[in-house]
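Working through the structure, step by step
Listed below are the residues making up each chain.
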Amino acid sequence: MTTITARERAAAQAYLRLLESTQAVLTDPRLAPYAGAMLTHPMAEADEALRAAGLSGNEAHLLHLVSSLRASPTADRGRPR
């Protein structure tokens, strides 16, 4: 079992929100042309959360945290129940 700090959890959750937002925008042909503008906030949020958790440039650890959140029986899509 992996112990995740609050900052690491926040970073992994922000990353998941960015992924979900990106998928939503890019799969809707009406929204795709506005992807840059629509994803500015989620990208900035994820970038700041990664920096705060010391995960900038450490993709392997970030993906491990994301996997842990996704596999957790107490989390749904990266968010606590």
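As a convention, each chain's residues are numbered from 1 in the sequence order in which they are written. For a predicted model such as this one, the threshold for reporting local features is a pLDDT of at least 70, and the threshold for listing and counting side-chain atom pairs is 80 or more; totals across whole chains, interfaces and linings nevertheless cover every residue. Think of the side-chain values as coming from all heavy atoms in the structure, minus any hydrogens and water.

**Regarding the overall build of the chain**
- Secondary structure assignment for the chain yields three helices and two strands.
- From first element to last, N terminus to C terminus, the chain shows the α and β order α-α-α-β-β.
- Working definition: with a 1.4 Å probe on protein chains only, accessible area under 20% of the residue-type maximum means buried, over 50% means exposed, and in between means partly exposed. Across the 81 residues in the chain, those meeting the buried criterion constitute 32%.
- Note on contacts: a residue pair is in contact if any heavy atoms of the two residues lie within 4.5 Å. In the chain, the share of contacts with a sequence separation of at least 24, taken over all contacts with a separation of at least 6, comes to 63%.
- Every accessible area reported is derived by Shrake-Rupley at a probe size of 1.4 Å, with residue values counting cover from the shown protein chains alone. A total of about 5300 Å² of accessible surface is found on the chain, and carbon and sulfur atoms cover 58% of it. Helix numbering and strand numbering both begin at the N terminus, where a helix is a DSSP run of H or I of at least 4 residues and a strand a DSSP run of E of at least 2.

**Remarks on the packing of helix α1 (residues 6–27) against helix α2 (residues 35–52)**
- Lines fitted to C-alpha atoms define the axes here, with helix axes fitted over just the stretch in contact, and angles between the N-to-C directions of these axes take values from 0 to 180 degrees. Interaxial distance between α1 and α2 falls to 8 Å at its minimum, and their mutual angle equals 165°. Classified by the angle their axes make, α1 and α2 are roughly antiparallel. Taken as a pair, α1 and α2 cross one another with a handedness that is left-handed. Taking contact as the criterion, the partners of Arg7, Ala10, Ala11, Ala14, Tyr15, Arg17, Leu18, Ser21, Thr22, Val25 and Leu26 in α1 are, on α2, Ala35, Met38, Leu39, Pro42, Met43, Glu45, Ala46, Ala49, Leu50 and Ala52. Each angle gets one of four labels, with under 35 degrees taken as roughly parallel, over 145 as roughly antiparallel, 65 to 115 as roughly perpendicular, and the rest as oblique. Helix crossings are classified by the rotation of the near helix relative to the far one: an anticlockwise turn of less than a right angle makes the crossing left-handed, while a clockwise turn makes it right-handed.

**Concerning the pattern of salt bridges**
- Salt bridges are defined as contacts in which a side-chain nitrogen from Lys or Arg sits within 4 Å of a carboxyl oxygen from Asp or Glu. One pass over the structure, following the stated rule, counts five salt bridges.
- In this structure, the salt-bridge partner of aspartate 28 is arginine 30, at a minimum N-O distance of 3.1 Å.
- Since its relative accessible area comes to 17%, aspartate 28 is described here as buried.
- Each member of the salt-bridge network shares a partner with another, and the members are Asp47, Glu48 and Arg51.

**A few points about α1**
- Between the first and last residue of a helix there are one fewer steps than residues, each counted as 1.5 Å, and that sum is the expected span. With 22 residues, α1 extends 31 Å between its outermost C-alpha atoms, agreeing within 8% with the 32 Å of an ideal straight helix rising 1.5 Å per residue.
- Of the residues making up α1, those classed as buried are Glu8, Ala11, Ala12, Gln13, Ala14, Leu16, Leu18, Glu20 and Val25.

**Thoughts on the nonpolar core**
- By convention a nonpolar core is built from buried Ala, Val, Leu, Ile, Met, Phe, Trp, Tyr and Cys residues, the set being connected through side-chain atoms within 4.5 Å. In terms of nonpolar packing, the biggest core is built from 15 residues, with Ala11, Ala12, Leu50, Leu55, Leu62, Leu65 and Val66 touching the most fellow members.
- Sorting the residues of this core by element identifies α1, α2 and α3 (59–71) as the ones contributing at least two each.
- Ranked by residues supplied to this core, first place goes to α1 with five residues.
- Look past the residues within four positions of alanine 11 in its chain and what remains in contact with it is Ala49, Leu50, Ala53, Leu55 and Leu62.

**Notes on the packing of α1 against α3**
- In the contact formed by α1 and α3, the axes pass within 9 Å of each other and the chain directions differ by 85°. One way to sum up the angle between α1 and α3 is to call them roughly perpendicular. Contact with α1, carried on its side by Glu8, Arg9, Ala11, Ala12, Gln13, Tyr15, Leu16 and Glu20, involves His61, Leu62, Leu63, Leu65, Val66, Leu69 and Arg70 of α3 and no other residues of that element.

**So, the confidence of the model for the chain**
- With 85% of its residues at a pLDDT of 70 or more, the chain shows a mean pLDDT of 86.
- Here strand β2 (residues 79–80) stands out as the element of the chain with the lowest mean pLDDT, 48, in contrast to α2, whose mean of 95 is the highest.
- Every residue in residues 76–81 scores below 50 in pLDDT, and together they form 16 contacts with partners more than four places removed in sequence or on other chains. Confidence of the predictor at the level of single residues is given by pLDDT, which spans 0 to 100.

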